[in-house]
Amino acid sequence: MDQWLSLFAPQLQALAELAAHDGHMTRAAETLGVPQSSMSRRIHALENDLKTPLLVHSGRTVRLTPAGSALAARIREPLHELALAIDAVVDEGDGEHGTVRFGFPLTMGTGDLPDLLSAFRRDHPGITVTLKQGHGSALVRDLENGALDLAVTIPPPERLQHTVIGAQEILATLPAGHPLAEAPRIHLARLRFETFIANPPDYHLRGSTEQWCAAAGFAPEIAVEVTEFATIRELVARGLGVALLPHDDRAPSETVEVPLVGEHRRAIALARATTTLAPAARHLHDFLLAEAAHRA
């Protein structure tokens, strides 16, 4: 599709790619498959045509002006829609070939999702799915700037089109020798005097942990902040604290997962940033929705 956009909308496409790459001219040029000098000429021509400054140059770095950022944000989806429309006319998008850029949360690297992606690959061998893991806000940003076509997100993103496809139960993750390790289910309030290990404050699960603990009548003492969930489990296994985490098949044997009394769940959504999906992305989108409905 890039060859068609290069023909019909080269200047606007150059601006959109430059914004998606945070003003990095070389990377944007590589994405478009053009020399950096061509990128510069396209942006300069657009500035002349619009009689509006779009870039600020500071030494070797470039950043978009407020006007440039606003224009890039508004043209991103129309350019995507134009590419899909042209692909449909020239019959390039047969749906059984192509690449889908797919993101999913750090907490879903094991279990059902890898199984679903494997099943999709068997059903559609001509479609390549490139994967990216990240926490929720990062995945939403990647959808908004066009770096991803689809993403499973926790929680559902308010600003983007999405369908809730399930829920993730959060469990108390304890050292194997903990006094409550053998309990079939525990009230969160029983952990009020424990040391907690949690994600940094910008992670959704950290906010949920604090909210659930507050509802149970206490503020958790968070002694260690860790971005990686696997590392949190390793620290719990070594007796450095407890954590609230989703189930993981690969959890260390020195830990136990104990269900909590009450509702401690997070909604899971399949999200996209565009109204129209390319045929290959539509196949993956519909496959995941059908599987979610079947498992509900």
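Since we're looking at a predicted model, the values are computed, not measured. Position labels on residues start from 1 in each chain and follow its written sequence. Reporting in this predicted model follows two pLDDT cut-offs: at least 70 for local features of residues, and 80 or more for side-chain atom pairs to be given and counted; totals over whole chains, interfaces and linings ignore these cut-offs and use all residues. Derived side-chain values reflect all non-hydrogen atoms in the structure, with water molecules and hydrogen atoms excluded from consideration.

(A) Here's a closer look at the packing of helix 2 (residues 10–20) against helix 4 (residues 36–50). Closest axis-to-axis distance for the helix 2/helix 4 pair is 8 Å, and the angle between their directions is 110 degrees. In terms of orientation, helix 2 lies roughly perpendicular with respect to helix 4. Note on packing geometry: the crossing formed by helix 2 with helix 4 is left-handed. Packed against helix 2, whose contacting residues are Pro 10, Gln 11, Leu 12, Gln 13, Ala 14, Leu 15 and Leu 18, the element helix 4 presents Met 39, Arg 42, Ile 43, Ala 45, Leu 46 and Asp 49 at the interface. Nonpolar residues are Ala, Val, Leu, Ile, Met, Phe, Trp, Tyr, Cys and Pro. Charged residues are Asp, Glu, Lys and Arg, and all others, Gly as well, are polar. For the contact of helix 2 with helix 4, a count of residues per class yields nine nonpolar, two polar and two charged. Helix axes are fitted only over the stretch in contact, all axes being lines through C-alpha atoms; the angle between N-to-C directions runs from 0 to 180 degrees. Each helix is a run of DSSP H or I of at least 4 residues and each strand a run of E of at least 2, with the numbering of both proceeding from the N terminus. Roughly parallel covers angles under 35 degrees, roughly antiparallel covers those over 145, roughly perpendicular covers 65 to 115, and oblique covers all other angles. Throughout, a crossing is termed right-handed when the near helix is turned clockwise from the far one, and left-handed when it is turned anticlockwise from it by less than a right angle. For this analysis, residues touch if any pair of their heavy atoms sits within 4.5 Å.

(B) Structural detail: helix 4. Expected helix span is computed as 1.5 Å times (number of residues minus one). For helix 4, spanning 15 residues, the distance from its first C-alpha to its last is 21 Å, which sits close to the expected 21 Å at 1.5 Å a residue. Working definition: with a 1.4 Å probe on protein chains only, accessible area under 20% of the residue-type maximum means buried, over 50% means exposed, and in between means partly exposed. Here helix 4 has its buried residues at Ser 38, Met 39, Arg 42, Ile 43, Leu 46 and Glu 47. Taken from the residues just after helix 4, Lys 51 is the one with a positive phi, measuring 55 degrees.

(C) The arrangement of the pattern of salt bridges in detail. Between Lys or Arg on one side and Asp or Glu on the other, a salt bridge is scored when a side-chain nitrogen of the former is within 4 Å of a carboxyl oxygen of the latter. Throughout the structure, instances matching the rule amount to 12 salt bridges. Put simply, Arg 206 and Glu 210 hold a salt bridge, and the shortest N to O gap is 2.8 Å. A residue pair is termed a helical-turn pair when its members lie 3 or 4 positions apart in one helix, as Arg 206 and Glu 210 do in helix 8 (residues 204–215) at four residues. Among the ionic pairs, Glu 263 bridges to Arg 265, the shortest N-O distance being 3.9 Å. For Arg 265, a relative accessible area of 42% translates into the label partly exposed.

(D) Molecular detail of the pairing of strand 3 (residues 98–105). If DSSP finds at least two bridges between two strands, the strands pair. Inspection of the sheet shows strand 3 paired to strand 4 (residues 127–134) by eight bridges, in the parallel sense. Each residue of the ladder has a partner; that of Gly 103, found in strand 4, is Lys 132. A clockwise course of the path from the first strand over the helix to the second, judged with the strands pointing away from the viewer, identifies a crossover as right-handed. At this point the chain moves from strand 3, through helix 6 (residues 112–123), to the parallel strand 4, and the crossover so formed is right-handed. Of the strand pairs in this sheet, strand 3 and strand 5 (residues 150–153) are connected by two bridges, and their pairing is parallel. Within the sheet, the bridge partner assigned to Phe 102 lies in strand 5 and is Leu 150.

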